[in-house]
Amino acid sequence: MALKIVYPICCGIDVHKTFVVACIASTNSKGVTTYKSHRFSTFTKGLNELSQWLCEHDCKDVCMESTGKYWIPVFNMLEHSCNITLAHPKYVKAIRGKKTDKKDAKWIADLFKHDLVAGSFMPPLPIRQLRDLMRYRFKLTNFTSSEKNRLQNSLTVSNIQLGSVVSDTFGKSAMNIIDKLLDDPADTSFDLEPLIHGSLKGKLPELALAIDGFITPEQAGKIKVIRQHYEDLESRKAELEAIILSLADAYTEELHLILTVPSFKNIFSAIAVVSEIGVNMDVFLTAKHLCSWAGLTPSNDQSAGKRKSVRISRAGIYIKPLLVQCATAVVKSEKHPEIRNRYLQLKRRRGHKRAIIAIARMLLTAIYHIMKNKEPYNPDLYKKSDIRPVDREITVEQAIKLAQAQGYRIMATTT
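Below is a summary of the structure that appears in this document. (Residues numbered from 1 in each chain as written. Predicted model: local features only at pLDDT ≥ 70, side-chain atom pairs only at ≥ 80, totals over all residues. Heavy atoms only, no water.)

Taken together, the side chains of Arg311, Arg342, Arg349, Arg350 and Arg354 present a region of like positive charge at the surface. The leading source of residues in the positive patch is helix H12 (residues 337–350), at three residues. Here Arg349 lies in helix H12. (Patch = residues over 30% accessible without salt bridge, like charges linked within 9 Å, V, L, I, M, F, W, Y side chains within 5 Å. Areas by Shrake-Rupley, 256 points an atom, 1.4 Å probe, with all protein chains shown as cover. Salt bridge = Lys/Arg side-chain N within 4 Å of Asp/Glu carboxyl O. Lys, Arg positive; Asp, Glu negative; His and termini not counted. Charge placed at Lys NZ, Arg CZ, Asp CG, Glu CD. Helix = DSSP H or I, 4+ residues; strand = E, 2+ residues; numbered from the N terminus.)

Quick look at the structure:
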């Protein structure tokens, strides 16, 4: 039986840096398909010609692979005139030895006309813009953390042990001490009391011992460069956050709902979730589909009746670390027993790492229903699920296996 033609007129686009190759597949009522291929430049003029060419052939359904960042201008140009399916390259990969740009475009069109291509989730343009800014903020945060580590390493090399006395090397008091050291690296016998604040005044002897090191002129110069770079990064990050907050004003209701979820206390954590999954949960059939998209569900790898692996996928490289961080924080708190109890149950059986992934999936599932129903987080729903039924039953064989799994040896009764 032949495969059903879902898209009688469709186009497959093979995207490159300087050009794209488009192939329109037109299937008539008898099932015969004809192909028309054309190459266009990726300059704006060329992409406009591509859009006009598709309109002339009455082609509204387009499929293209996501190649680096090169697909973004093409997507932006065709988004308003066509229904675009963006495919991961692994789903449209052609057969080795039979690859050319024309054949690649034709192969994509052939797969797409039978609806054999799994499309990637693409949120609307405002969400994509917010996502781009939030991901850049994530990079800036990593840069600032790297500069902090470099400064701490320079202090360690110079045997300045401030980190062993103060809780934050980048706190106000510690920065005052570092500035004083950099003014004259050879002088470590200055008066510390005017430079410190609060509870540190009771640690003057420890601080005096901590700064008794030797900073070379080269290390002092390096620390000054690191300090200036760190301050510049913090300034640029503050400017970026102002832009992000202005864009996020349109999603105030959704952000307030997400902030009701345990461990979501920072507004930027809520914005990060919105920027990744959007605000319309109808694009995901169920919460399980969303968790699978975020890379938080076990994979299916089964052959000959044997399951080979249940490792989670590499998807969700931005939202997954955020959810894992929130899960790690919430399981340490006694304020949310419905989550902590679930974590402890899973940890005993499956270990810490799998339990944390399960809690991250639990948080994302809660966010899905919160966004879909427009209702705040309700811990009572989870507390009820923790109550075990009274009339549970177990067979003798099951009880023996359960005891053996807990490390008990089964002994015969003696009369």
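If you trace the backbone, Ser154 turns up in helix H4 (residues 125–157). Exposure remark for Ser154: the relative accessible area of 1% places this residue in the buried category. Ser154 has contacts with Gln219, Lys222, Ile223 and Ile226, leaving out every residue within four places of it along the chain. (Buried < 20%, exposed > 50% of the residue type's maximum accessible area, 1.4 Å probe, protein only. Contact = heavy atoms within 4.5 Å.)

On to the environment of Ile370, then. Considering the arrangement of structural elements, one finds Ile370 in helix H13 (residues 352–373). Ile370 gets classed as buried once you look at its relative accessible area, which sits at 5%. Sequence separation between Ile370 and Val166 is 204 residues; the distance between their C-alpha atoms is 41 Å. With sequence-adjacent residues up to four places away left out, Ile370 is seen in contact with Leu257, Thr260, Val261, Glu375, Pro376 and Tyr377.

What follows is about the pattern of salt bridges. Oppositely charged side chains may form a pair once their charged atoms are brought near each other. This structure, assessed with the given rule, holds 14 salt bridges. Note that Glu241 is salt-bridged to Arg137, the shortest N-O span being 2.9 Å. In this pair, Glu241 sits in helix H7 (residues 217–248) while Arg137 sits in helix H4, placing the two residues 104 residues apart along the sequence. The same class applies to Glu241 as to Arg137, namely buried. Linking Arg236 and Glu239 is a salt bridge whose minimum nitrogen-to-oxygen distance equals 3.0 Å. Of the two residues, Arg236 and Glu239 are both situated in helix H7; the distance of three residues between them amounts to about one turn of the helix. Among the charged side chains, a network of salt bridges with common partners joins Lys106, Asp110 and Lys113.

A separate point is the state of the cysteines. This model, assessed by the stated rule, comprises zero disulfides. Cys10 supplies the cysteine sulfur nearest to Cys63, a cysteine that is in no disulfide, at a spacing of 8.3 Å. Looking at Cys326, it has no disulfide partner, and the nearest cysteine sulfur is the one in Cys291, 14 Å off. (Disulfide = S-S within 2.5 Å.)

A few words now on the sheet that holds strand E2 (residues 19–27). Within the open sheet, the five strands sit side by side as E3-E2-E1-E4-E5. Their pairing is mixed. With one partner strand each, in any of the chains shown, strand E3 (33–41) and strand E5 (83–87) form the two edges of the open sheet. Taking each pair of neighbouring strands and ignoring which way they run, the sheet shows an average axis angle of 20°. With five bridges connecting them, strand E4 (residues 61–65) and E5 associate as parallel partners. Paired with Cys63 across the strands is Thr85, a residue of E5. Against the sheet, helix H3 (residues 101–113) makes contact with strand E1 (9–15), E2, E3, E4 and E5, and its axis sits at roughly 140° relative to E1, the strand it touches most. (Pairing = 2+ DSSP bridges. Axes fitted to C-alpha atoms, helices over the stretch in contact; angles between N-to-C directions.)

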